[in-house]
Amino acid sequence: MSERGHWQLVEGRPHPRLRGIVYGYRGFNLRLAEPVRRLEFPVPFVNLTVTWRGSLQLSAAAGRSARLGQLVAGMSTGVVHAEHDGDLEGVDVRLWPLGGYRLFDGYATGGGSHILTLADIMGADADRLTARLADCPDWAGRFRLLDAVLLRRAAAGREPCPRTAAVWQRVQRDLSVPVAALAADAAWSERHLQSRFRDHFGMTPKAAQRVARLQRALRALDAGLPASRVAHLARYSDQAHLIREVKAMTGLTPAALTRHRAASWRPTDRSQTEITSVFLA
């Protein structure tokens, strides 16, 4: 135990049958001496968070702002302000966007608000799941429980449209492909493509490209590359375009964003952090 407290992070690999649906599990048990406040930047994932000790206060530029113990955060092009009092235990489930669509019948991606309670989607089953997770004696048991619940939902869930899924994959690979080219490849009008894409992901193809470019830019900035090189790697038209987009999506310039991420609270003190990987069959 340090002056800042103790934190435990436990990484879990989902069942092989959830490949392409669930990216991974992360359990956390934080007992810190001070509150934690951080910015969550746009990511190409849907996040499910369940806490059984403590709760999170989330505020988005658009959508819900609430203190939640069970939440689903869909994709967006803006930051989310997250904070808690330092005493928190729970699990994060990071879902591939098409997985979120399938598990939650499209509601966590194409429908509803950016931030939802799990009860919005699962009803009374949300409280039952939270109680069962809290009662599990260890993280391996919690991850097995999540596997069982998510496998059942996946089996009963709505299948994504294959053409829409193909468009998503191309958007992630090609950060500058025009929407007209995407529509032509799908043999759809641009209007129909926009409608199908929103239904599956809650955003347009252009917005998904913005998120993908930002993620590539963040990785390059974290690596210490100059802004001109970052702009090229992330497929911005020039450095000025990079600065405009990063500021529009995060509220910070690339230089300020790099300083913020370097100074942000992260459990990097390995002597006070228990980081475990749990791989299940």
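Not measured: the values here are computed from a predicted model.

### What about the overall build of the protein?
Inference 1: Check the secondary structure of the protein and you find 11 helices and 11 strands.
Inference 2: Every one of the 281 residues in the protein was classed for burial, and the buried ones make up 51%.
Inference 3: A separation threshold of at least 6 residues defines the contact pool for the protein, and within that pool the share at least 24 residues apart is 71%.

### Overview of the pattern of salt bridges
Inference 1: Inspection of the entire model under this criterion finds 12 salt bridges.
Inference 2: Put simply, Arg-31, Arg-53, Asp-87 and Glu-89 are held in one network by salt bridges that share partners.

### Some thoughts on helix H5 (residues 162-173)
Inference 1: In this model, H5 (12 residues) spans 17 Å end to end at C-alpha, consistent with the 16 Å of a helix rising 1.5 Å per residue.
Inference 2: Every buried residue of H5 is listed here: Thr-164, Ala-165, Val-167, Trp-168 and Val-171. Buried residues of H5, viewed axially, fall in a sector of 160 degrees; they line one side. Exposed residues lying more than 90 degrees from the buried face of H5 are Pro-162 and Arg-173.

### Regarding the nonpolar core
Inference 1: If you look at the biggest cluster of nonpolar residues, it comprises 36 residues, and the most contacted ones within it are Val-167, Leu-193, Phe-201, Met-203, Tyr-236 and Leu-242.
Inference 2: Of all the elements in the fold, those that place two or more residues in this core are H5, helix H6 (179-186), helix H7 (190-201), helix H8 (205-222), helix H9 (227-233) and helix H10 (239-250).
Inference 3: A per-element tally of this core places H8 first, with eight residues.

### Here's the deal with the packing of aromatic side chains
Inference 1: Under the criterion given, the structure shown has nine aromatic pairs.
Inference 2: On the basis of an interplanar angle of 55 degrees and a centroid distance of 4.7 Å, the ring pair of Phe-197 and Phe-201 is categorised as tilted. Taken together, the residues span about one helical turn, with Phe-197 and Phe-201 both in helix H7 at a distance of four residues.
Inference 3: What makes Phe-197 buried here is its relative accessible area of 0%.
Inference 4: What makes Phe-201 buried here is its relative accessible area of 1%.
Inference 5: One aromatic cluster is present, built from ring pairs that chain together Tyr-25, Trp-52, Trp-139 and Phe-143.
Inference 6: Note that Arg-142 overlies the ring of Trp-139, its terminal NZ or CZ placed 4.5 Å from the centroid.

The rules behind these values
- Residues numbered from 1 in each chain as written.
- Predicted model: local features only at pLDDT ≥ 70, side-chain atom pairs only at ≥ 80, totals over all residues.
- Heavy atoms only, no water.
- Helix = DSSP H or I, 4+ residues; strand = E, 2+ residues; numbered from the N terminus.
- Buried < 20%, exposed > 50% of the residue type's maximum accessible area, 1.4 Å probe, protein only.
- Contact = heavy atoms within 4.5 Å.
- Salt bridge = Lys/Arg side-chain N within 4 Å of Asp/Glu carboxyl O.
- Expected span 1.5 Å × (residues − 1).
- Arc of directions from axis to C-beta.
- Core = buried A, V, L, I, M, F, W, Y, C linked by side-chain atoms within 4.5 Å.
- Phe/Tyr/Trp six-rings, centres within 6.5 Å; stacked < 30°, edge-to-face > 60°.
- Lys NZ or Arg CZ within 6 Å of the ring centre and 35° of its normal.

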